[in-house]
Amino acid sequence: MPSYAIGDRQPSVDPSAFVHPDAVIIGDVTIGPESSVWPTAVLRGDHGRIVVGSQTSIQDGTVIHCTSTADTVIGDRCVIGHNAHLEGCTVNDDSLIGSGSVVLHRAVVGPTSLVGAGAVVGNDRVVPPHARALGVPATITPDVVEDGAFDEMVAVYVRNVHWYAADLRRLD
């Protein structure tokens, strides 16, 4: 995995996490236990910090950045879908951020919430707990996501952490 320090900012990856060799981690980035970062994802903590909790999956092609005034914090047991863009936002525990979605500065996604594929949650927006955010700009529907809604997806990626750490090998 390409891992870079910038100035005095450097990544901290829990030994039980899996970061694919084609992902890029730069600067003040913390990745928690049994979390995963998949191919071509970029986590760039240059102007602020990025924190990824435990058992969270950052899928292929995702870009996570921060600003000098807004860190990006992602909780435990989250699924961040393919090609998502998160910048200067907070995603609370047990949430799913759909493929191709965008969550921007100071936005907060509450626990056990869903940001649908392709949705845009703009600056300063709040997706309350158990809500769904769909569309551009996102329309929020409260109280529709049940506890445990994403547990199986989280479990699949936690199993993949251990499988890939044990069995992934480059052939060229």
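The coordinates are above.
Residues numbered from 1 in each chain as written. Predicted model: local features only at pLDDT ≥ 70, side-chain atom pairs only at ≥ 80, totals over all residues. Heavy atoms only, no water.

A. Just the sheet that holds strand β3 (residues 18-19), in detail. An order of β3-β5-β7-β10-β13-β16-β19-β20 is seen for the eight strands of this open sheet, with the pairing classed as mixed. Of all strands in the sheet, those with a lone pairing partner are β3 and β20 (139-141), marking the two edges. Taken together, the three bridges between strand β19 (residues 132-134) and β20 define a ladder with antiparallel strand orientation. Within β20, the residue paired with A133 across the bridge is I140. (Pairing = 2+ DSSP bridges. Helix = DSSP H or I, 4+ residues; strand = E, 2+ residues; numbered from the N terminus.)

B. Geometry of the pattern of salt bridges. This structure, assessed with the given rule, holds seven salt bridges. The residue D124 makes a salt bridge to R106 at a minimum N-O spacing of 2.7 Å. Here the residue D124 occupies a position in the loop between β17 (120-121) and β18 (126-127), and R106 occupies one in the loop between β14 (102-103) and β15 (108-109), the gap between them amounting to 18 residues. Look at R106 and you get partly exposed, because its relative accessible area is 42%. In this structure, the salt-bridge partner of D172 is R170, at a minimum N-O distance of 2.5 Å. With a relative accessible area of 76%, D172 lands in the exposed category. Judged by its relative accessible area of 68%, R170 falls in the exposed class. Salt bridges sharing partners connect three or more residues here, namely R77, D93 and D94. (Salt bridge = Lys/Arg side-chain N within 4 Å of Asp/Glu carboxyl O. Buried < 20%, exposed > 50% of the residue type's maximum accessible area, 1.4 Å probe, protein only.)

C. Examining the pairing of strand β4 (residues 24-31) more closely. Bridge analysis of strand β1 (residues 3-4) against β4 gives two bridges, and the strand direction is parallel. When the sheet's bridge partners are listed, Y4 is paired in β4 with I26. The pairing of β4 with strand β6 (residues 42-52) spans seven bridges and is parallel. The partner of I25 across the bridge, within β6, is L43.

D. Focus on the side chain of T56. Checked against the element boundaries, T56 lands in the loop between β6 and β7 (57-58). Ignoring anything within four residues of it in the chain, the contact list for T56 reads E34, S35, S36, I74, G75, D76, R77 and C78. (Contact = heavy atoms within 4.5 Å.)

E. Quick look at the packing of aromatic side chains. Applying the stated criterion to the full structure yields five aromatic pairs. Between F18 and Y164 the ring centres are 5.7 Å apart and the planes differ by 55°, which places this aromatic pair in the tilted class. Of this pair, F18 sits in strand β3 while Y164 sits in helix α1 (residues 151-167); the two residues are 146 residues apart in sequence, bridging distant segments of the chain. Assessed through its relative accessible area of 26%, Y164 is described here as partly exposed. Here W38 and Y157 contribute two aromatic rings whose centre-to-centre distance is 6.0 Å and whose plane-to-plane angle is 65°, an arrangement assigned as edge-to-face. Highlighted residues: W38 in the loop between β5 (36-37) and β6 and Y157 in helix α1, separated in sequence by 119 residues. Classification of W38 by relative accessible area gives buried; the value is 4%. Each residue in the set F18, W38, Y157, W163 and Y164 is aromatic and connected to the rest through ring pairs, giving one cluster. (Phe/Tyr/Trp six-rings, centres within 6.5 Å; stacked < 30°, edge-to-face > 60°.)

F. Spatial organisation of α1. Compared with an ideal rise of 1.5 Å per residue, which puts 17 residues at 24 Å, α1 spans 24 Å between its outermost C-alpha atoms and is within 8% of the ideal. Three or more residues of α1 are buried, namely V154, V158, N160 and V161. Seen end-on, α1 carries its buried residues on one side only, within an arc spanning 155°. Residues of α1 that are exposed and angled more than 90 degrees away from the buried face: E152 and A166. (Expected span 1.5 Å × (residues − 1). Arc of directions from axis to C-beta.)

All we've got here are geometric facts, nothing functional implied.
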